[in-house]
Amino acid sequence: MERMWGGRRLESEFKKRLPEDKHIGESWEIVDRSEAQSVIRHGPLRGRTLHELWTQDRQSIFGDIPDSTRFPLLIKLLDAHDKLSLQVHPPAEIAAQVGGEPKTEFWYVAAAQPGAKIYVGLHRKIPRPQFEQAVRSGKVAELVHTIPVQAGDAMFLPAGRFHAIGAGNLLVEIQQNSDTTYRVFDWNRVDDHGQPRDLHVDLALPCIDFNDVAPRLAQAKDETLVQDKSFEVQKWNLADARVIAPLGQFAIVCCLTGKLRCADVDLAPGEFLLLPAALEDRQAKPLATQTTLLRVTIPA
(Lines give C-alpha, C1' and ligand atoms only; values in the text may rest on other atoms or scores of the structure.)
Protein backbone atom coordinates (compact mmCIF):
# COMPACT_ATOMS: atom_id res chain seq x y z
CA MET A 1 0.00 0.00 0.00
CA GLU A 2 1.48 3.32 -1.10
CA ARG A 3 1.41 5.95 1.67
CA MET A 4 2.80 9.47 1.79
CA TRP A 5 4.56 8.58 5.05
CA GLY A 6 5.96 5.26 3.77
CA GLY A 7 9.49 4.31 2.76
CA ARG A 8 11.46 1.34 1.39
CA ARG A 9 12.38 -0.66 4.51
CA LEU A 10 9.92 -3.46 3.79
CA GLU A 11 12.30 -4.22 0.91
CA SER A 12 15.62 -3.71 2.71
CA GLU A 13 14.61 -5.34 6.02
CA PHE A 14 12.05 -7.97 4.98
CA LYS A 15 12.95 -8.61 1.31
CA LYS A 16 9.50 -7.62 0.02
CA ARG A 17 9.37 -6.88 -3.70
CA LEU A 18 8.15 -3.31 -3.94
CA PRO A 19 7.13 -1.23 -6.95
CA GLU A 20 9.89 1.13 -7.97
CA ASP A 21 9.88 4.80 -6.95
CA LYS A 22 6.95 4.37 -4.55
CA HIS A 23 6.64 5.23 -0.87
CA ILE A 24 5.26 1.96 0.54
CA GLY A 25 3.85 2.26 4.03
CA GLU A 26 1.89 -0.96 4.50
CA SER A 27 2.02 -4.60 3.49
CA TRP A 28 -1.27 -6.35 4.27
CA GLU A 29 -0.05 -9.86 5.10
CA ILE A 30 -3.17 -11.59 6.49
CA VAL A 31 -6.29 -9.95 5.08
CA ASP A 32 -9.87 -10.86 4.24
CA ARG A 33 -11.58 -7.74 2.92
CA SER A 34 -13.58 -6.93 -0.18
CA GLU A 35 -10.74 -4.71 -1.42
CA ALA A 36 -7.86 -7.06 -0.57
CA GLN A 37 -7.36 -10.80 -0.09
CA SER A 38 -4.61 -13.07 1.15
CA VAL A 39 -3.98 -15.97 -1.22
CA ILE A 40 -2.50 -19.23 0.03
CA ARG A 41 1.02 -19.65 -1.40
CA HIS A 42 2.05 -23.15 -0.22
CA GLY A 43 0.48 -26.53 0.35
CA PRO A 44 -2.61 -28.34 -0.96
CA LEU A 45 -4.77 -25.20 -0.57
CA ARG A 46 -2.46 -23.11 -2.74
CA GLY A 47 -4.31 -20.46 -4.74
CA ARG A 48 -7.38 -20.27 -2.50
CA THR A 49 -8.22 -17.02 -0.74
CA LEU A 50 -8.53 -16.48 2.96
CA HIS A 51 -12.20 -15.65 2.52
CA GLU A 52 -12.80 -18.97 0.75
CA LEU A 53 -11.22 -20.79 3.67
CA TRP A 54 -13.33 -18.79 6.12
CA THR A 55 -16.62 -19.46 4.36
CA GLN A 56 -16.03 -23.00 3.03
CA ASP A 57 -13.62 -24.78 5.40
CA ARG A 58 -13.92 -22.86 8.65
CA GLN A 59 -13.94 -25.74 11.12
CA SER A 60 -10.94 -27.60 9.68
CA ILE A 61 -8.86 -24.44 9.19
CA PHE A 62 -9.85 -22.26 12.15
CA GLY A 63 -11.49 -24.57 14.67
CA ASP A 64 -13.94 -23.17 17.21
CA ILE A 65 -13.73 -19.38 17.18
CA PRO A 66 -16.43 -16.69 17.25
CA ASP A 67 -18.55 -16.27 14.14
CA SER A 68 -18.18 -13.30 11.80
CA THR A 69 -18.82 -12.59 8.13
CA ARG A 70 -15.08 -12.36 7.40
CA PHE A 71 -11.89 -13.55 9.07
CA PRO A 72 -11.82 -11.21 12.07
CA LEU A 73 -8.17 -10.09 12.01
CA LEU A 74 -6.05 -7.96 9.70
CA ILE A 75 -2.26 -8.24 10.08
CA LYS A 76 0.14 -5.77 8.49
CA LEU A 77 3.74 -4.72 8.27
CA LEU A 78 4.14 -0.95 8.58
CA ASP A 79 7.11 1.19 7.48
CA ALA A 80 6.82 4.69 8.93
CA HIS A 81 9.52 6.66 7.14
CA ASP A 82 7.64 9.75 8.32
CA LYS A 83 5.18 10.06 11.20
CA LEU A 84 1.53 9.19 10.67
CA SER A 85 -1.39 11.47 11.45
CA LEU A 86 -2.74 11.81 14.97
CA GLN A 87 -5.86 9.68 14.78
CA VAL A 88 -8.34 7.45 16.55
CA HIS A 89 -10.31 4.29 15.73
CA PRO A 90 -13.90 3.98 16.91
CA PRO A 91 -15.12 1.72 19.72
CA ALA A 92 -17.85 -0.70 18.71
CA GLU A 93 -20.78 1.29 20.08
CA ILE A 94 -19.73 4.49 18.31
CA ALA A 95 -18.70 2.76 15.07
CA ALA A 96 -22.21 1.36 14.81
CA GLN A 97 -23.67 4.86 15.10
CA VAL A 98 -21.49 6.43 12.39
CA GLY A 99 -21.28 3.55 9.93
CA GLY A 100 -17.64 2.69 10.62
CA GLU A 101 -15.87 -0.46 11.83
CA PRO A 102 -14.51 -0.85 15.38
CA LYS A 103 -10.78 -1.26 15.61
CA THR A 104 -8.57 -2.37 18.47
CA GLU A 105 -4.96 -2.99 17.49
CA PHE A 106 -1.50 -3.98 18.69
CA TRP A 107 1.97 -2.86 17.59
CA TYR A 108 5.18 -4.85 17.82
CA VAL A 109 8.32 -2.84 17.04
CA ALA A 110 10.36 -5.04 14.70
CA ALA A 111 12.99 -2.34 14.12
CA ALA A 112 13.40 1.27 15.15
CA GLN A 113 15.84 3.93 14.09
CA PRO A 114 17.57 5.99 16.81
CA GLY A 115 15.15 8.50 18.30
CA ALA A 116 12.02 6.66 17.11
CA LYS A 117 8.89 7.21 19.18
CA ILE A 118 5.19 6.52 19.26
CA TYR A 119 2.35 8.84 20.27
CA VAL A 120 -0.30 7.20 22.47
CA GLY A 121 -3.01 8.63 24.70
CA LEU A 122 -2.86 12.03 26.39
CA HIS A 123 -0.01 13.22 28.57
CA ARG A 124 -2.49 14.63 31.10
CA LYS A 125 -6.21 14.46 31.68
CA ILE A 126 -7.96 17.15 29.67
CA PRO A 127 -11.65 17.98 29.21
CA ARG A 128 -13.07 17.63 25.74
CA PRO A 129 -13.73 21.39 25.22
CA GLN A 130 -10.07 22.17 25.92
CA PHE A 131 -9.01 19.42 23.52
CA GLU A 132 -11.29 20.85 20.83
CA GLN A 133 -9.75 24.28 21.35
CA ALA A 134 -6.29 22.79 20.87
CA VAL A 135 -7.45 21.19 17.62
CA ARG A 136 -8.82 24.50 16.31
CA SER A 137 -5.64 26.36 17.26
CA GLY A 138 -3.32 23.76 15.72
CA LYS A 139 -1.80 22.78 19.07
CA VAL A 140 -3.30 19.34 19.59
CA ALA A 141 0.10 17.65 19.11
CA GLU A 142 1.18 19.25 22.38
CA LEU A 143 -1.37 17.13 24.25
CA VAL A 144 -0.40 13.63 23.07
CA HIS A 145 1.72 11.33 25.24
CA THR A 146 5.07 10.39 23.64
CA ILE A 147 7.08 7.20 24.26
CA PRO A 148 10.59 6.47 22.88
CA VAL A 149 10.75 2.95 21.44
CA GLN A 150 13.26 0.38 20.30
CA ALA A 151 13.11 -3.04 18.66
CA GLY A 152 11.19 -5.49 20.84
CA ASP A 153 8.83 -2.94 22.36
CA ALA A 154 5.07 -3.45 22.03
CA MET A 155 1.93 -1.38 22.55
CA PHE A 156 -1.73 -2.32 22.89
CA LEU A 157 -4.16 0.21 21.44
CA PRO A 158 -7.78 -0.30 22.47
CA ALA A 159 -10.32 1.45 20.28
CA GLY A 160 -10.63 5.05 21.43
CA ARG A 161 -6.93 5.58 22.15
CA PHE A 162 -5.58 8.75 20.49
CA HIS A 163 -2.36 7.80 18.70
CA ALA A 164 0.16 8.02 15.88
CA ILE A 165 3.24 6.08 14.78
CA GLY A 166 6.40 8.15 14.79
CA ALA A 167 9.03 8.24 12.03
CA GLY A 168 11.65 5.50 11.92
CA ASN A 169 9.43 2.63 13.08
CA LEU A 170 9.05 -0.73 11.35
CA LEU A 171 6.07 -2.46 12.96
CA VAL A 172 3.99 -5.60 12.91
CA GLU A 173 0.39 -4.49 13.40
CA ILE A 174 -2.29 -6.94 14.54
CA GLN A 175 -5.81 -5.54 14.55
CA GLN A 176 -9.48 -6.20 14.21
CA ASN A 177 -10.51 -6.52 10.58
CA SER A 178 -11.29 -2.84 10.10
CA ASP A 179 -10.11 0.04 7.94
CA THR A 180 -11.84 2.91 9.78
CA THR A 181 -9.53 5.74 10.84
CA TYR A 182 -10.51 9.25 11.91
CA ARG A 183 -7.66 11.74 11.45
CA VAL A 184 -7.44 14.67 13.87
CA PHE A 185 -4.15 16.32 12.89
CA ASP A 186 -1.73 15.61 10.02
CA TRP A 187 1.22 17.84 10.99
CA ASN A 188 0.19 20.44 8.36
CA ARG A 189 1.37 18.21 5.50
CA VAL A 190 0.22 18.57 1.91
CA ASP A 191 0.27 16.10 -0.97
CA ASP A 192 2.04 16.40 -4.33
CA HIS A 193 -0.70 18.79 -5.46
CA GLY A 194 -0.33 21.04 -2.44
CA GLN A 195 -3.55 19.78 -0.84
CA PRO A 196 -3.88 18.67 2.79
CA ARG A 197 -5.40 15.28 3.55
CA ASP A 198 -8.95 15.17 4.80
CA LEU A 199 -9.45 15.32 8.54
CA HIS A 200 -12.36 13.79 10.46
CA VAL A 201 -12.45 15.83 13.66
CA ASP A 202 -16.22 15.72 14.13
CA LEU A 203 -16.21 11.92 13.85
CA ALA A 204 -13.07 11.52 15.97
CA LEU A 205 -14.12 13.53 19.01
CA PRO A 206 -16.88 11.16 20.21
CA CYS A 207 -14.43 8.25 19.85
CA ILE A 208 -11.49 9.58 21.87
CA ASP A 209 -11.04 8.33 25.42
CA PHE A 210 -10.17 11.54 27.29
CA ASN A 211 -9.37 9.54 30.43
CA ASP A 212 -6.60 7.63 28.64
CA VAL A 213 -3.56 9.30 30.20
CA ALA A 214 0.11 8.27 29.80
CA PRO A 215 -0.38 4.63 28.76
CA ARG A 216 2.63 2.36 29.06
CA LEU A 217 4.25 -0.12 26.72
CA ALA A 218 2.91 -3.67 26.88
CA GLN A 219 4.62 -5.74 29.57
CA ALA A 220 5.02 -9.41 28.74
CA LYS A 221 3.54 -11.97 31.14
CA ASP A 222 5.77 -14.97 30.50
CA GLU A 223 5.52 -15.06 26.69
CA THR A 224 2.19 -13.26 26.33
CA LEU A 225 2.38 -9.66 25.09
CA VAL A 226 -1.35 -9.02 24.97
CA GLN A 227 -4.51 -10.99 25.68
CA ASP A 228 -7.68 -9.33 24.43
CA LYS A 229 -11.09 -10.67 23.42
CA SER A 230 -10.14 -10.06 19.77
CA PHE A 231 -6.66 -11.62 19.74
CA GLU A 232 -3.82 -12.99 21.82
CA VAL A 233 -0.19 -12.33 20.87
CA GLN A 234 2.81 -14.18 22.24
CA LYS A 235 6.50 -13.72 21.48
CA TRP A 236 8.62 -16.88 21.45
CA ASN A 237 12.39 -17.21 21.54
CA LEU A 238 12.57 -20.41 19.53
CA ALA A 239 15.66 -22.30 20.71
CA ASP A 240 14.17 -25.78 20.15
CA ALA A 241 11.25 -27.31 18.27
CA ARG A 242 7.87 -26.46 19.80
CA VAL A 243 4.25 -27.21 19.04
CA ILE A 244 2.69 -23.95 17.83
CA ALA A 245 -0.84 -24.75 19.01
CA PRO A 246 -2.83 -27.78 20.15
CA LEU A 247 -4.55 -29.87 17.51
CA GLY A 248 -7.91 -28.23 16.80
CA GLN A 249 -6.64 -24.67 17.29
CA PHE A 250 -5.35 -22.49 14.45
CA ALA A 251 -2.51 -20.00 14.87
CA ILE A 252 -0.69 -17.41 12.80
CA VAL A 253 3.11 -17.38 12.96
CA CYS A 254 5.24 -14.36 12.07
CA CYS A 255 9.01 -14.84 11.91
CA LEU A 256 10.77 -11.86 13.50
CA THR A 257 14.44 -12.86 13.46
CA GLY A 258 16.48 -15.85 12.37
CA LYS A 259 14.69 -18.52 10.34
CA LEU A 260 12.22 -21.28 11.13
CA ARG A 261 10.33 -24.16 9.57
CA CYS A 262 6.71 -24.96 10.32
CA ALA A 263 4.45 -27.37 8.43
CA ASP A 264 7.19 -27.89 5.79
CA VAL A 265 7.32 -24.14 5.12
CA ASP A 266 10.44 -22.08 5.79
CA LEU A 267 9.87 -18.59 7.17
CA ALA A 268 12.34 -15.69 7.09
CA PRO A 269 11.85 -12.39 8.95
CA GLY A 270 8.64 -10.66 7.88
CA GLU A 271 6.99 -13.83 6.55
CA PHE A 272 3.74 -15.31 7.88
CA LEU A 273 2.11 -18.72 8.08
CA LEU A 274 -1.46 -19.64 8.97
CA LEU A 275 -1.38 -23.03 10.67
CA PRO A 276 -4.71 -24.88 10.12
CA ALA A 277 -6.48 -26.28 13.15
CA ALA A 278 -6.69 -29.79 11.68
CA LEU A 279 -3.09 -30.06 10.46
CA GLU A 280 -1.16 -32.74 12.33
CA ASP A 281 2.34 -31.35 11.69
CA ARG A 282 2.29 -28.54 14.26
CA GLN A 283 5.93 -28.04 15.22
CA ALA A 284 7.98 -24.92 14.62
CA LYS A 285 11.70 -25.67 14.33
CA PRO A 286 14.47 -23.06 14.43
CA LEU A 287 16.81 -23.09 11.43
CA ALA A 288 19.12 -20.38 12.78
CA THR A 289 20.32 -19.09 16.11
CA GLN A 290 18.36 -16.31 17.79
CA THR A 291 15.13 -17.19 16.01
CA THR A 292 12.08 -15.35 17.37
CA LEU A 293 8.45 -15.31 16.32
CA LEU A 294 5.07 -13.85 17.08
CA ARG A 295 2.24 -16.32 17.66
CA VAL A 296 -1.25 -14.93 17.07
CA THR A 297 -4.46 -16.70 18.10
CA ILE A 298 -8.10 -15.76 18.66
CA PRO A 299 -9.74 -16.69 21.98
CA ALA A 300 -12.62 -19.12 21.54
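Residues numbered from 1 in each chain as written. Predicted model: local features only at pLDDT ≥ 70, side-chain atom pairs only at ≥ 80, totals over all residues. Heavy atoms only, no water.

Asks: Explain the sheet that holds strand E10 (residues 154-157) here, please?
Replies: Paired through backbone hydrogen bonds, the strands of a sheet run either parallel or antiparallel to each other. Spatial strand order, E2-E5-E12-E7-E10: five strands in an open sheet with antiparallel pairing. Looking along the sheet, the strands with just one partner apiece sit at the ends: strand E2 (26-30) and E10. The mean angle between the axes of side-by-side strands here comes to 20°, regardless of whether they run parallel or antiparallel. By the bridge criterion, eight bridges tie strand E5 (residues 73-80) to strand E12 (residues 169-176) in an arrangement that is antiparallel. Across the sheet, Leu-74 pairs through a bridge with Gln-175, a residue of E12. (Pairing = 2+ DSSP bridges. Helix = DSSP H or I, 4+ residues; strand = E, 2+ residues; numbered from the N terminus. Axes fitted to C-alpha atoms, helices over the stretch in contact; angles between N-to-C directions.)

Asks: Help me understand the nonpolar core in this model?
Replies: Side chains of nonpolar character tend, in soluble globular proteins, to be buried together. Counting residues in hydrophobic clusters, the biggest one holds 36 residues, and the most contacted among them are Phe-62, Phe-71 and Val-172. Setting aside anything within four residues of it in sequence, one finds Phe-62 in contact with Leu-50, Leu-53, Trp-54, Phe-71, Phe-250, Leu-274 and Ala-277. The next biggest cluster of nonpolar side chains, apart from the first, holds 23 residues, and it includes Val-88, Tyr-119, Ala-134 and Phe-185. (Core = buried A, V, L, I, M, F, W, Y, C linked by side-chain atoms within 4.5 Å. Buried < 20%, exposed > 50% of the residue type's maximum accessible area, 1.4 Å probe, protein only. Contact = heavy atoms within 4.5 Å.)

Asks: Mind showing me how you'd approach empty space enclosed by the protein here?
Replies: A water-sized probe rolled over the atoms picks out the places where empty space is left. Counting across every chain of the model gives one cavity of 30 Å³ or more. Here the largest cavity defines a volume of roughly 30 Å³. Contributing elements (two or more residues each) for the lining of the largest cavity: strand E7 (105-112) and E10. Its residues placed into classes, the lining of the largest cavity shows eight nonpolar, no polar and one charged. (1 Å grid on protein atoms, 1.4 Å probe; cavity = no way out; pocket = protein on both sides within 12 Å on 5 of 7 lines; lining within 4 Å. Points joined across faces, edges and corners; volume = space filled by probe spheres on them. Nonpolar A, V, L, I, M, F, W, Y, C, P; charged D, E, K, R; others polar.)

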